[in-house]
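Examining the three-dimensional arrangement
Here's the letter readout for the chains.
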Amino acid sequence: MEYEIVIGMEIHIELGTKTKIFCSCPTEFGQDENTHTCPVCLGMPGVLPVLNEKVVEYATRAGLALNCEIAHFSKMDRKNYFYPDLPKAYQTSQFDLPICTGGDVEIEVDGVKKDIGITRIHIEEDAGKLLHESADGTLLDVNRCGVPLIEIVTEPDLRSAEEARAFAEKVRNILEYTGVSDCKMEQGSMRFDVNLSIREKGSEVLGTRTEMKNLNSFRALIRAVQYESKRQIIEIKKGHTIIQETRKWDDTKGTSSSLRSKEEAHDYRYFPEPDLVPIVLEPEYIEKIKSELPELPEAKKQRYIDEYKLPEYDAGVLTTTGVTARFFEESVVLYNEPKQISNWMMVEIPPLLKEKELSMENITITPAQLVELLKLVKNNEISGNTGKEVLKEMFNTGKNPGDIVKEKGLAQMSDTGELEAIIEEIVSANPKSVEDIGAGNEKAYGFLTGQVMKATKGKANAQVANELIRTVVARHLA
Amino acid sequence: MSLTREDVTYVANLARLEFSEDQVTALADQLGAVLDYAETLSGLDTSKIKATEHVLAVQNVFRKDEIKPCLTNEEALANAPESEAGCFKVPRVME
Ligand SMILES: [Zn+2]
């Protein structure tokens, strides 16, 4: 029998506001424990939460970028459960009237395009962080409590780990572009929950699903989906029934294990949050945010193809993240050679970033510096190979390419007089090669070129050198 | 009786409350009576009345996204029954 994997995802994304969702504490990551708290986010009795207007704006922007309907009327609700990372014993979230509904995102896997439906996006608060460092207890850091989140819930439209990954990457890409979140996985700004079930291929009925929470990298997402789908298929083949449950993914071991059975854990007894008033958004407000949306990845990619005449592949790579696209655009404004810039950005820069453990976000060279380098190469002042060396040196020292070329004496020798003298010397010293060429052995040119490059320490302009060698050899043969 | 003993035990468990057998019986009676009374409302014809999504007539109360001073770590932990290493300390949580 052939099986089909059915996946729905929930993606939690921390919004990049300055302050928390219901209080004025900063959202900064990586501060000392319990230094960004106030009576509201500590869940003290008698406090009054007030919604951050930026949260509404960012959620609206995210919803529009993901093709959602923005609700005219939405409200906050209390989701009740006991866990020490939640001082209030409830999470303020949205239940039946979320701020966004019914969106979609197009993904492409192995050349096949597919729309993934988004059921809803709601706003809620993040929980605190539990540290299991104490010998006889658990420690709680409340700094993250109340950091604004959006939760994106998809339809069960995904069919493989690759599709799940493609979707997650696309969402990250779009949201990073819109500026609502930095989507930094390593800081927990983006986390995935996966609902997964198995059914006979062709069946319309959904199987019993399990849920895996808090997958915090693309790698964990892929591996968890692969593991869990395999586990379920094996269970089904054995004739066992799948139990609806939450499972914990252990990324170190590469396995999942049962956490708790769903029915007892998921009675959240939602009710409308009495301390917060409804959110009513007028069409003018929504239109204004829509008009302010930046160019999204898909549109940008198309523009790169049309305007810069780049191949689709290049356009896709350059628009993968907003920072990469910005770097490219700033470069192209300074220097109208899109394909040359694209080549260097796609081929030469990534290995250097990797070596220095950097990314495009904290790249140490500027578009202006790259452009200066590319002009040196284009004008034959240095060779392409020398250019690569200079780029490396730019990453190492932060110096400008022109200065590096000068300091290290890397400029190409295009002065034909000087070069011709060197070539004359080499050709005279190698009568055998001249003889070989005379006898029709073209390969001997390669030897002479090598000697010239050696004598000039690679600074000879290859094209000029080759022409001169031919001239000089011809003279000797004459 | 609209509320069973099982309902009471279930809700008590969700709220992490423990009751004796006698208390469960008493609560089923008392809470049941409250719910029965509230049931009176079901007798009214509400077909022409808009659903009440929220009891407050106020809407759109927002705050600017501006940072204000926080509590110090000492102040934050002042009321904590137990603390350690700048954190609130709670009984060990098993995941
Ligand atoms: Zn606070």
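Predicted, not measured: the structure shown is a model, and the values here were computed from it.

1. Concerning the nonpolar core
Most often, soluble globular proteins have nonpolar side chains that are buried together. All names here are of chain A. Core analysis: the biggest nonpolar cluster contains 68 residues, and Met-9, Ile-150, Ile-152, Phe-167, Leu-175 and Phe-192 have the highest contact counts within it. For Phe-192, the contacting residues outside a window of four places in its chain are Met-9, Glu-10, Ile-11, Ala-168, Met-185, Met-212, Lys-213, Asn-214, Leu-215, Ser-217, Phe-218 and Leu-221. Counting 35 residues, the second-largest nonpolar core is a separate cluster that includes Tyr-308, Phe-327, Leu-352 and Met-360.

2. Quick word on helix H2 (residues 161-178) of chain A
All names here are of chain A. For H2, with 18 residues, the first-to-last C-alpha span of 26 Å sits near the 26 Å given by 1.5 Å per residue. For H2, a buried count of 14 out of 18 residues is recorded, marking the element as mostly surrounded by other parts of the structure. With its phi angle positive at about 80°, Gly-179 sits one or two positions after the end of H2.

3. Section: the packing of aromatic side chains
Residue and element names in this part refer to chain A. With the rule as written, the count across this model stands at 8 aromatic pairs over all chains. Between Phe-192 and Phe-218, the ring centres sit 5.7 Å apart and the planes meet at 35°, which makes this aromatic pair tilted. Of this pair, Phe-192 sits in strand S12 (residues 190-200) while Phe-218 is found in helix H3 (residues 218-237), placing the two residues 26 residues apart along the sequence. Of the residues examined, Phe-192 reaches a relative accessible area of 0% and is grouped as buried. Aromatic ring contacts, followed pair by pair, group Tyr-81, Phe-95, Tyr-268 and Tyr-270 into a single cluster. Its guanidinium or amino end placed over the ring of Tyr-268, Lys-79 lies 4.4 Å from that ring's centre, counting from NZ or CZ. Just above the ring of Tyr-445 sits the side chain of Arg-470; from NZ or CZ to the centre is 4.0 Å.

4. What to know about the pattern of salt bridges
All names here are of chain A. Under the criterion given, the structure shown has 44 salt bridges over all chains. Among the salt bridges present, the one from Lys-114 reaches Glu-163, with a minimum N-O distance of 2.7 Å. Placement of the pair is Lys-114 in strand S8 (residues 112-125) and Glu-163 in helix H2, with a sequence separation of 49 residues. Accessibility expressed as a relative area gives 24% for Lys-114, which makes it partly exposed. The partner of Arg-475 in a salt bridge is Glu-424, with the nearest N and O atoms 3.1 Å apart. One end of the pair, Arg-475, is in helix H16 (residues 462-477); the other, Glu-424, is in helix H13 (residues 416-429), and 51 residues separate them in sequence. The class for Arg-475 is partly exposed, based on a relative accessible area of 44%. For Glu-424, a relative accessible area of 26% corresponds to the partly exposed category. The network of salt bridges with common partners includes Glu-295, Lys-300, Arg-303, Glu-307 and Glu-329.

5. Section: the interface of chain B and chain A
It is common to give the size of an interface as the accessible area lost on bringing the parts into contact. Taken residue by residue, the interface counts 36 residues in chain B and 56 residues in chain A. Summed over both sides, the interface between chain B and chain A buries roughly 4000 Å², with carbon and sulfur atoms accounting for 58% of that surface. Put simply, B:Lys89 and A:Asp136 hold a salt bridge, and the shortest N to O gap is 2.6 Å. The tally of links from chain B across to chain A stands at 27 residue pairs in polar contact (both at pLDDT 80 or more). Mapped onto the side of chain B that touches chain A, the elements with two or more residues apiece are helix H1 (5-14), strand S1 (62-63), helix H3 (73-77) and strand S3 (87-90) of chain B. Sort the elements by how many residues they give to the side of chain B that touches chain A and S3(B) lands first, with 4 residues. Here the residues of the side of chain B that touches chain A are counted per class, giving 18 nonpolar, 7 polar and 11 charged. Looking at chain direction, strand S10 (residues 138-141) of chain A and S3(B) are connected through 3 bridges and run antiparallel. Within S3(B), the position partnered with A:Leu140 by the bridge is B:Phe88.

6. Re the coordination of the zinc ion
All names here are of chain A. Within the protein, the zinc ion binds to Cys-23 (SG), Cys-25 (SG), Cys-38 (SG) and Cys-41 (SG); these donor distances fall in the range 2.3 to 2.4 Å. For the zinc ion, the 4 donor atoms in the first shell make angles of 100 to 115° at the metal, a pattern classed as tetrahedral. Linear spacing of the donor residues for the zinc ion on their chain is C-x1-C-x12-C-x2-C. One end of the pair, Cys-23, is in the loop between strand S1 (3-14) and strand S2 (51-52); the other, Cys-38, is in the loop between S1 and S2, with 15 residues separating them in the sequence. With a relative accessible area of 5%, Cys-23 lands in the buried category.

7. Points about the confidence of the model for chain B
Parts of the prediction with low pLDDT should not have their coordinates interpreted in detail. Chain-level statistics for chain B give a pLDDT mean of 91 and a share of 97% at 70 or above. Model confidence for the complex: the whole-complex pTM is 0.81, and ipTM, which rates the interface, is 0.89.

8. Observations concerning the domain arrangement of chain A
Parsing chain A into structural domains produces domain 1 (3-287), domain 2 (295-408) and domain 3 (416-477). Taken over C-alpha atoms, the centre of domain 2 of chain A sits 34 Å from the centre of domain 3 of chain A.

9. Observations regarding the environment of A:Gln31
Residue and element names in this part refer to chain A. Along the chain, the position of Gln-31 falls in the loop between S1 and S2. Given a relative accessible area of 32%, Gln-31 falls into the partly exposed group. Remark: the alpha-carbon pair of Gln-31 and Asn-143, spanning 112 residues in sequence, is separated by 8.0 Å. Contact partners of Gln-31, with chain neighbours within four places excluded, come to His-36 and Asn-143. A distance of 3.3 Å separates polar atoms of two side chains, one belonging to Gln-31 and the other to Glu-28. Engagement of the side chain of Gln-31 in a polar contact is seen with the backbone oxygen of Phe-29, the distance being 3.4 Å.

10. Looking at the sheet that holds strand S5 (residues 77-80) of chain A
All names here are of chain A. On the basis of which strands lie adjacent, the open sheet formed by 3 strands has the order S6-S5-S16 and antiparallel pairing. Taken across any chain shown, the strands that pair with only one partner, and hence form the sheet edges, are strand S6 (90-93) and strand S16 (271-272). Direction of pairing for S5 relative to S16: antiparallel, over a ladder of 2 bridges. Each residue of the ladder has a partner; that of Asp-77, found in S16, is Pro-272.

11. Focus on the packing of helix H8 (residues 322-334) of chain A against helix H9 (residues 338-355) of chain A
All names here are of chain A. At a minimum axis distance of 10 Å, the contact between H8 and H9 shows a crossing angle of 140°. In terms of axis orientation, H8 runs oblique to H9. Handedness of the H8/H9 crossing: right-handed. Only Pro-338, Ile-341, Ser-342 and Met-345 of H9 make contact with H8, whose side of the interface consists of Thr-324, Phe-327, Phe-328, Ser-331 and Val-332. Here the residues of the contact of H8 with H9 sort into 6 nonpolar, 3 polar and no charged.

Conventions adopted
Residues numbered from 1 in each chain as written. Chains lettered and ligands numbered in written order. Predicted model: local features only at pLDDT ≥ 70, side-chain atom pairs only at ≥ 80, totals over all residues. Heavy atoms only, no water. Core = buried A, V, L, I, M, F, W, Y, C linked by side-chain atoms within 4.5 Å. Buried < 20%, exposed > 50% of the residue type's maximum accessible area, 1.4 Å probe, protein only. Contact = heavy atoms within 4.5 Å. Helix = DSSP H or I, 4+ residues; strand = E, 2+ residues; numbered from the N terminus. Expected span 1.5 Å × (residues − 1). Phe/Tyr/Trp six-rings, centres within 6.5 Å; stacked < 30°, edge-to-face > 60°. Lys NZ or Arg CZ within 6 Å of the ring centre and 35° of its normal. Salt bridge = Lys/Arg side-chain N within 4 Å of Asp/Glu carboxyl O. Buried area = accessible area lost by both parts, 1.4 Å probe. Polar contact = N/O pair within 3.5 Å; in protein donor to acceptor, adjacent residues only side chain to side chain. Nonpolar A, V, L, I, M, F, W, Y, C, P; charged D, E, K, R; others polar. Pairing = 2+ DSSP bridges. Donors = N, O, S within 2.8 Å, 3.2 Å for Na, K, Ca; no water. Tetrahedral: all angles 85-135°; square planar, octahedral: opposite > 155°, others 65-115°. pLDDT = per-residue confidence, 0-100. Domains from an automatic or database assignment. Axes fitted to C-alpha atoms, helices over the stretch in contact; angles between N-to-C directions. Parallel < 35°, antiparallel > 145°, perpendicular 65-115°, else oblique. Left-handed = near helix turned anticlockwise from the far one by under 90°.

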